[in-house]
Every structure is written in C-alpha cells, then in structure tokens.
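# Structural overview
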Amino acid sequence: MNPALLTTTDAVDPVFKFIFGACILLLGGITATVLWFAFRYRRSRAPEPTSQVADNIWLETIWIVLPSILVMAMFWYGWAGYLTLREVPKNALPVTATARMWSWNFTYANGRTSPKLVVPVGKPVVVDLVSSDILHGFFLPAFRVKRDVVPGMKNHAWFVADKAGSYDLFCSQYCGKGHSAMITTVEALPEAEFIAWLVQPEEGQPTKHDGAKLAKEKGCLACHSLDGSRAVGPTFKGLYGKKQTVLQDGKPLTVMVNDAYLRESIRFPNAKLVEGFQPIMPTVSDLKDDEIEALVDFIEEVK
Amino acid sequence: MMPQQPTPSSFWNDTGKTGITAWIFSTDHKRIGLLYFYSVLGFFLIAVVLGLLLRIELMAPGRTIMGAQSYNALFTVHGVIMVFLFIIPGFPGAFGNLVMPIQIGARDVAFPRLNLFSWWLYMLGAGIIITALFTGGGPPDTGWTFYVPFSARTGTNVSLAVFGVFIIGFSSILTGLNFVTTIHRLRAEGMGWTRLPLFVWSLYATAWVQILATPILGITLALVIAERMLGTGLFDSARGGDPLMYQHLFWIYSHPAVYIMILPAMGVISEIIPVFSRKPVFGYKMIAFSSVAIAAAGSLVWGHHMFTSGMSDTAILVFSFLTFVVAIPSAIKVFNWVATLYKGSISLEAPMLFALSFLLLFSIGGLTGLILGAAATDIHVHDTQFVVGHFHYVIFGGSGFAFFGAMHYWLPKFYGRRYAEKPALLAWGLLFTGFNITYFCMMVLGMKGMPRRYYDYLPEFAPLNLASTVGSWLLAIGLVLLLVNLFRGLLWGEPFTGNPWGGATLEWSIATPPPTENFEEEPVVTHGPYDFKGTGIP
C-alpha cells in the first residue's frame, strides 16, 4: 500500500494516547496526594490541624494556568486529528450506504449492491450515508470512524483498510427494537479480488432473484418472522391467502392477501396497514420490479 | 417515616400538627425537604432495580431474562427516572430545602407556599410518568433523550411521559426562583456574600441554571407532543423540518442539566472536607467563583453531544473549545479540595469517605470527559459504552456519592439520632468497589467499540459485560447495607446532639433536631463558614 497514506486510525490513536497519558498522570497525582494527606494528617496522628491557611494566590494561579495550557493542547490536538477524518482523499472510492430499520445496504457506482461493505485494501473509501427512515449511526470501531445517518441530510465518512480482513460495522445511533442487530461487516479484499467481486454479476442475476436471500438482505426479516411469532410486523408464515383486517386511511377493511396486496404493501407500506401494528415500515426505494416479484413469490411459499 | 423523636421540642412536633396532612400540606422547609428526600429516594431505588435488571440482561450475549422491546423500555425508564425524578430534583429539593435556609440564618425560604407547590408539581409529574408506563402503547422506548424522528413515530406512550417531564420542569423552575430570591433577600445580619457556605453558593449557581435552561426543555418537549399529535413536521426532513434542530434544543437544556446534578454535589463536598479536616476550605473565593463560572460557561457547550451528527465542522471547533474551557473551573475545585486536606486533622468517618471517593470518581469522570471533548477521540467513543461509563462516573460516582455523603452528614441533624459507624464504612467499601468494577468495565467496552443501548452484543464483548454485571451486585449489596444501617440509626440509633462533627456553619449552632422556627432569635453572623477557630467548636 501507499506508505504516505495516513489512515483514520493513525490520525486518531495518537490523540487517545496523549489525552489518556496526561489523564493517568493527573489522576495518579491526585490520588496519591489524597491518600498521603489522609494518612499523614489522620486525626490519630495529627489531633489538631497544624495550619489554618485559607488561600495562596501563587499556588492557585499555578493550578489555573497549567491545566489551562494542558487542556488547550488537548483541544488543538483533538481538532487536528478530527480534520483528517473530514478530509476525504481525492481518489477515494465512492459507496452509498443505505440504512433502514434494521439493516444496511451498500451500493457501488456500477450499480452493484451488497449487504456487506466490501472494500479494496489500501484504497480510501468514502461512504455517503443515506437513511430511509430514522436516525442511524455508521460506526467502524477498527477505523475510529463514526457518523450519524440522518434522514434528509447528506453525511459522509471515509476510511481506508490497510490490511485485508473482516471488520465490525455497527449502528451506533439508537433506532428501536432491532438496533443491536443492525450490524454487518467491512470486508477488505486485495484490490484485484475486489475488482473481480465488483464486476461479477450478483448471484442469480439477471433472470431470477432468490426471494429468501432478498428478504434477509433487504432487512424484511428483522421485523417479519418466518415461524409465526409476532414481531414488529406481521409474520410471513401462512400470510399468503389469508383474510386480513387492514386500516385504509384509518378505516377498517378486510382484504385477501394476494400478489397485488403484497406488491402494494411493499411499495407503499402504510396504504393498507394490518390492524394492530404500527405504521413504521420504511419504503424500500431501491427494490426493482423483478425483486419485488421474487419477494412476493417467497412470501407465498412461507407456509 | 415519622417516629417518636428524642428531643421534646423540634420541627417534628412543636407545631402540634402531626399526621399525614401536617406533612403533605406543610410549608416548613424542613418538612418539605424530607418529603422531597423520601420521594426522590423512592424513585432512585426503583431505577436502581431497573438498572440491575438491565445488567442481568447484559450478563451474556443473546436473550437472558427479557426481550429487546422490554430492554429498550427499561433503559428508557431507568434514565428518565434517574435524571428527572432523582438527581435533578434531589439536591435542591431534599438537601437544599433542609439545610440552605438554616445555613443563611433564615426561618424559611422566601416563598414557603410556592415551595410546597413545587413538591406537588413534582409528584404530579412523577405520577403522570408512572401512569405513562402502564397505559397506551406501553412504556416509552426512545431512551431518555427522546430523539426524533423515532420518538415521533414509535407507538409507545411517549406523549404522556414527555408531558410528565414537562410538568416536573415547572417544579424545577419554581424551586430555582425560590432559592435565588431566598439567598438574595433572607440572609441574616452579617451573612455577607463571602460568608455564604459553599453549598449555598453551589445552589445559587444551580438555581440560575434551573430558571434559565428548564423553559427550553419545556418548549422542546411540547414540540415533540405537537409532532406526535398534530403532525407539525418541525423535525421531519420530508416536510422541511430538521431532526438536528431537536438535538440542539434538547441539549441546550440537558447539558446545563448535568450541572444542576453536579454543582450542588460539589457544594456538599466543599462542606464536608473542611469540617472533617478541621481546616478552612482552601481558596473559598475561587471555589465559589468556579461554581458560577461552570454554570455560565456550561450553558454554551451543548454541541459536544453532537460531534457525529453532521453539524458543521466550525460548530465542532467552537463547541470543543468551550468544552475544554469548562474543564478548567472543575479542575480548580479538585485542586482546592485536595489542598484543604494539607496539614489538617483528618477524620475518616463515613461522610468524609464519601467525599474523598467523590474526589477520585469525579476526577475519573472529568478526565474521561476530556476524551469526549476532543473532536478526534469523541468520534470513536461517541454513542458507545464509554459514554455510559463516563456519565455514571460523573453522576453516580460524583453526585450519587455526594448524595450518600450528605445523607450521613446532615440527616442525623434532623433526626437527632445517628447511624452506626462500622457498617457505614463497610457499606462504603462495597459501594466503592462495586461501582468501579461496574463502570470501569463499561468504559473499556466502549473503547473496544461496543455501542450503547445494545440489547445484544458480539461474543468478544462478553467477559467484560459479565464482570460489569457482577460489579453491579456488589454495588447493590453495599446500597442495601447503607440504607438499612442509616435508617435503623436515624430511628433507633445513638442520640445525636450538639455539634459532633465540629461544623462552623449555622445549622450546627441550633438545637438538634431544629425547631420549626430554626433560630430562637435572629442570628448575627460573626465568622466565616469554615472559621473553626474561636467558635468554641470541640
């Protein structure tokens, strides 16, 4: 990899070391002094105080000025490190991350999508953060990178993986029931492998989609169970062909769950809302028509 | 709660009014102080149990004792109760009411009826919050921060809970108004501003924060209700609103609210350390001034809760700078407290142990705050368990330990009986050990990257989570021992009369327990609050 390349980890870790180092010294000093005074001047040994001094302007000036200089150094060093996190290298590979309750999806410039963030080793990646519902947080602990994903706002973060491997990707901004399950990984591949991965057609494309795989990747199964248990949304088990009471504009209505109803509900989740559930399903805007058909076929098969 | 007291005449009985109505409609600051004390203590214990349940759930990965929705509701309710029902009203309501009027030589606060009304508003708000847990769509699951758009969409009972917090805000504002007026107008002859006990100074600074910051919380919460009920769209980007505006509004109150929680605790420490060292507090003026400086500068740092939110880099520069500025007066206080010990005669009784452990735990909380204030390092630890650990070091290790210290220091004064010393020391030891295990593990987990508000976690985080949970059990045992020993002592323990600690502030110059009128005749103050010489103190 490029030896001149400064990774986000390289920018942040020295700041951690500096502040933690200074803190440990200060804490050690304070603790040792308190313990020493409590021992040296304990009442059994010092029955009367030997001083009634109430202030000392020089001493106080020293411990105002020195900590002020120290914290200003921390502030500036922290700011300088932060600037590195914000300065996206010019050759960075753009990827769009779409966050929804409660899954991630990554779209590359050539239209390739993936539930994992696959990146080339040694090449900076800039991730544009898009939310399809509420606040989420894009967090890569290994790269010291975090940025909130805010609906209606353009946020981004960049990082570079200097070693091949798999790294955790968490949602850091609380987003409801599935928050802690909204995790995936960064897969850093050598550049040649990455390019091969990027151009290969997605499995099953273009003729037939795997509905089960889609349901998992697009996050459907975070809310809709396959085993009949009630979760955030109605279960898929036995759903197809069922007579269901739904609310249309707040009025109850009985519908038959068929292809048309499922198609409509995926496109416009709140048009006919199943009674007893909250109107919180996001619109999954990046689904293509044939993908929706695959999902409908999949739901029909869950019996 | 109302036992027979040993002294023939005191505020417990000298008005001839007893029974429950003589308490809940009393305008005596001491009775209102005890009403507040027992109310906040009750809510504190409920929230402690919720916290212990959260730790049990996190003992191992996956489901342990509850589902994700229950977990989310539990950490929300834990936070709401601890913040809004315990620690914000705790110091001003309980110990401020009990002690402050006596410390300035007054017979009561400036507006005794308003004081009673504040308690009633507090109870009303608390009642509404508790009702919200059991009605509508169930307990809120938004976290105590009520962030939009989630809080605008969730089907749980957010509106009612938020309305309860809104009501409690008025209670806090009225207490603040009452205290500012009292401290300005009702100081006894000779009680100049430089003779005010530092606890009173800290309450004074706190009161201004309560008056100036709380209305913004009220407005913000009203807007959340409007968003939910009327669909105003103020915070909805699809309709031209802005979710970040909510975060700004929320933290404009909620960061200063941290100072409502910690400033009076610092005031308690400034009382206990000189008394148990028999030395004047070192740098009185600097400590008093730093309370006001923290209250003022602390109002301008709210943006450090939003470094990852997408707000502008210029804003991050300014807020990070101001955050480090606020660190300076806190550091000054710590150095001054340590210097007070020098060449003193130090007695390590229970209140002093809580005060000295405050020094250590608050320092850890404050120093880890520097990590959070620096822009580069905050990005990594923001929204992780590190923040949870840091916050508990400041508010539990700081304010909580100071609250325990105040209970051991002042409650005997109002009961005329005291707790046994040895069990109190044991309880302190358990609390201190359990506390550090519980929350230090959280900070390490955060450094390793475990986000906060996580119901489930990867196997790599399991050992430290287990250790943290075990620590919470030690903490719980220590707390039970502390309370049993303290209240057994207050009700049936050794008599506590005169001035056993050797304090020089006015509350130690009057009868124990104090009479309703506090002072037999108008006091004239002739010496400073920490002037232990020539005051006839043993």
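Conventions we followed
Residues numbered from 1 in each chain as written. Chains lettered and ligands numbered in written order. Predicted model: local features only at pLDDT ≥ 70, side-chain atom pairs only at ≥ 80, totals over all residues. Heavy atoms only, no water. Contact = heavy atoms within 4.5 Å. Buried area = accessible area lost by both parts, 1.4 Å probe. Salt bridge = Lys/Arg side-chain N within 4 Å of Asp/Glu carboxyl O. Polar contact = N/O pair within 3.5 Å; in protein donor to acceptor, adjacent residues only side chain to side chain. Helix = DSSP H or I, 4+ residues; strand = E, 2+ residues; numbered from the N terminus. Nonpolar A, V, L, I, M, F, W, Y, C, P; charged D, E, K, R; others polar. Pairing = 2+ DSSP bridges. Axes fitted to C-alpha atoms, helices over the stretch in contact; angles between N-to-C directions. Parallel < 35°, antiparallel > 145°, perpendicular 65-115°, else oblique. Left-handed = near helix turned anticlockwise from the far one by under 90°. Core = buried A, V, L, I, M, F, W, Y, C linked by side-chain atoms within 4.5 Å. Buried < 20%, exposed > 50% of the residue type's maximum accessible area, 1.4 Å probe, protein only. Domains from an automatic or database assignment. Expected span 1.5 Å × (residues − 1).

So, on to the interface of chain A and chain B. At the interface, 74 residues of chain A touch 88 residues of chain B. Summed over both sides, the interface of chain A with chain B buries roughly 7,000 Å², with 70% coming from carbon and sulfur. Interface area lost by chain A to chain B is led by A:Arg43, A:Trp63 and A:Tyr174, which between them contribute 11%. Scanning the region where chain A abuts chain B turns up one salt bridge. When the shortest N-O distance is used, the salt bridge between A:Arg86 and B:Asp313 registers 3.6 Å. For the interface between chain A and chain B, the tally reads 23 residue pairs in polar contact (both at pLDDT 80 or more). For the side of chain A that touches chain B, the elements supplying multiple residues, two or more each, are helix 1 (8-40), helix 2 (57-86), strand 7 (145-149) and strand 9 (165-171) of chain A. Among the residues making up the side of chain A that touches chain B, the classes are represented as 44 nonpolar, 17 polar and 13 charged.

Further remarks concern the environment of B:Arg453. Tracing the backbone through its elements, the reader meets B:Arg453 in the loop between helix 14 (421-447) and helix 15 (462-492). Considered as a pair, B:Arg453 and B:Thr21 are 432 residues apart in the sequence and their alpha carbons are 43 Å apart. Setting aside residues no more than four positions away along its own chain, B:Arg453 makes contact with A:Tyr174, A:His179, B:Tyr71, B:Phe75, B:Thr142, B:Gly143, B:Trp144, B:Thr145 and B:Gln385. Separated by 3.4 Å, the side chains of B:Arg453 and B:Thr145 make a polar contact.

Moving on, we get to the sheet that holds strand 7 of chain A. Strands belonging to one sheet form pairs held by backbone hydrogen bonds; the direction of such a pair is parallel or antiparallel. Residue and element names in this part refer to chain A. Pairing is mixed in the open sheet, where five strands are placed in the order 4-10-9-6-7. Each having just a single partner strand, strand 4 (117-120) and strand 7 make up the two edges of the open sheet. Across the sheet, the mean angle from the axis of one strand to that of its neighbour is 25 degrees, orientation sign disregarded. Across two bridges, the pairing between strand 6 (residues 136-140) and strand 9 is antiparallel. Its bridge partner lying in strand 9, Phe139 is registered against Phe170. Its contacts with the sheet place helix 3 (residues 191-199) against strand 4 and strand 10 (184-189), and it is angled at close to 135 degrees to strand 4.

As summarised here, the arrangement of the five strands in space is 3-2-1-5-8 (chain A), forming an open sheet in which the pairing is mixed. The open sheet is flanked by strand 3 (113-114) and strand 8 (155-159) of chain A, the only strands paired with a single partner.

This part takes up the packing of helix 13 (residues 385-415) of chain B against helix 15 of chain B. Residues and elements named next belong to chain B. Across the interface, helix 13 lies against helix 15 with an axial gap of 9 Å and an inter-helix angle of 15 degrees. As far as their axial angle goes, helix 15 and helix 13 are roughly parallel. The crossing of helix 13 and helix 15 is left-handed. Counting all contacts with helix 13, which are made through Phe396, Phe404, Met407, His408, Leu411, Pro412 and Tyr415, the residues of helix 15 involved are Leu475, Leu479, Leu482, Leu483, Leu486, Leu490 and Leu491. Residue composition of the contact of helix 13 with helix 15, by class: 13 nonpolar, one polar and no charged.

In this structure, A:Leu117, A:Phe138, B:Phe95 and B:Met407 are the most contacted members of the largest nonpolar core, which totals 262 residues. When neighbours within four sequence positions are excluded, B:Phe95 is seen to be in contact with B:Phe37, B:Gly90, B:Met100, B:Phe199, B:Phe403, B:Ala406, B:Met407, B:Trp410 and B:Leu411. Core analysis: the next-biggest nonpolar cluster, separate from the first, contains 22 residues, A:Ala215, A:Leu239, A:Val257 and A:Leu287 among them.

Residue and element names in this part refer to chain A. Split into domains, chain A comes out as domain 1 (3-86), domain 2 (93-199) and domain 3 (211-301). One C-alpha centre belongs to domain 1, the other to domain 2; they are set 37 Å apart. On the domain 2 side, the residues contacting the eleven residues of domain 1 number twelve residues. Contact between domain 1 and domain 2 buries roughly 970 Å² in total, counting both sides, with carbon and sulfur atoms accounting for 51%. On the surface where domain 1 and domain 2 come into contact, there are one salt bridge. Among the salt bridges present, the one from Asp13 reaches Arg144, with a minimum N-O distance of 2.6 Å. At the junction of domain 1 and domain 2, the tally comes to seven residue pairs in polar contact (both at pLDDT 80 or more). Across the side of domain 1 that touches domain 2, the residue classes tally to five nonpolar, four polar and two charged.

Our next topic: unusual backbone geometry. Between A:Met101 and the following residue, A:Trp102, the backbone shows a cis peptide bond with an omega angle of 0 degrees. Relative to the helices and strands, A:Trp102 resides in the loop between strand 1 (93-100) and strand 2 (103-108). Following B:Thr512, the chain continues to B:Pro513 via a peptide bond in cis, the omega torsion being -10 degrees. Along the chain, B:Pro513 turns up in the segment after strand 2 (494-495). Phi at B:Lys343 is positive, roughly 55 degrees, even though this residue is not glycine. Position of B:Lys343 among the secondary structure elements: in the loop between helix 10 (313-341) and helix 11 (350-373). The partly exposed category is assigned to B:Lys343, whose relative accessible area is 29%. A positive phi angle, close to 60 degrees, is found at B:Arg453, a residue other than glycine.

Glancing now at the packing of helix 4 (residues 112-134) of chain B against helix 6 (residues 158-185) of chain B. Residues and elements named next belong to chain B. Relative to each other, helix 4 and helix 6 sit at 165 degrees, their axes nearing to 8 Å. Accordingly, the angle class assigned to the pair helix 4 and helix 6 is roughly antiparallel. Two packed elements cross with a definite hand, and for helix 4 against helix 6 that hand is left-handed.

So, on to helix 10 of chain B. Residue and element names in this part refer to chain B. Its 29 residues give helix 10 an end-to-end C-alpha distance of 43 Å, which sits within 8% of 42 Å, the value for a rise of 1.5 Å per residue. The element helix 10 is largely enclosed, with a buried count of 21 among its 29 residues. Positive phi shows up at Lys343, right after helix 10, with a value of about 55 degrees.

Residue and element names in this part refer to chain A. Counting buried residues in strand 1 gives six out of eight residues, a clear majority hidden from the surface. Here strand 1 pairs with strand 5 (residues 125-131) via seven bridges, running parallel. Residue pairing across strands places Thr96 opposite Asp128, the latter belonging to strand 5. Pairing of strand 1 with strand 2, which is carried by six bridges, proceeds in the antiparallel orientation. Within strand 2, the residue paired with Val95 across the bridge is Tyr108.

Taken as a whole and assessed by the stated rule, the structure comprises twelve salt bridges over all chains. Here A:Lys272 and A:Glu264 are joined by a salt bridge, their closest N and O atoms 2.9 Å apart. We classify A:Lys272 as buried; its relative accessible area is 17%. Owing to a relative accessible area of 24%, A:Glu264 belongs among the partly exposed residues under this scheme. With its nearest N and O atoms 3.8 Å apart, the salt bridge here joins B:Glu517 to B:Arg107. In this pair, B:Glu517 sits in the segment after strand 2 while B:Arg107 sits in the loop between helix 3 (68-103) and helix 4, placing the two residues 410 residues apart along the sequence. We classify B:Arg107 as partly exposed; its relative accessible area is 32%. By sharing partners, the salt bridges in this structure join A:Asp259, A:Arg263 and A:Glu293 into a single network.

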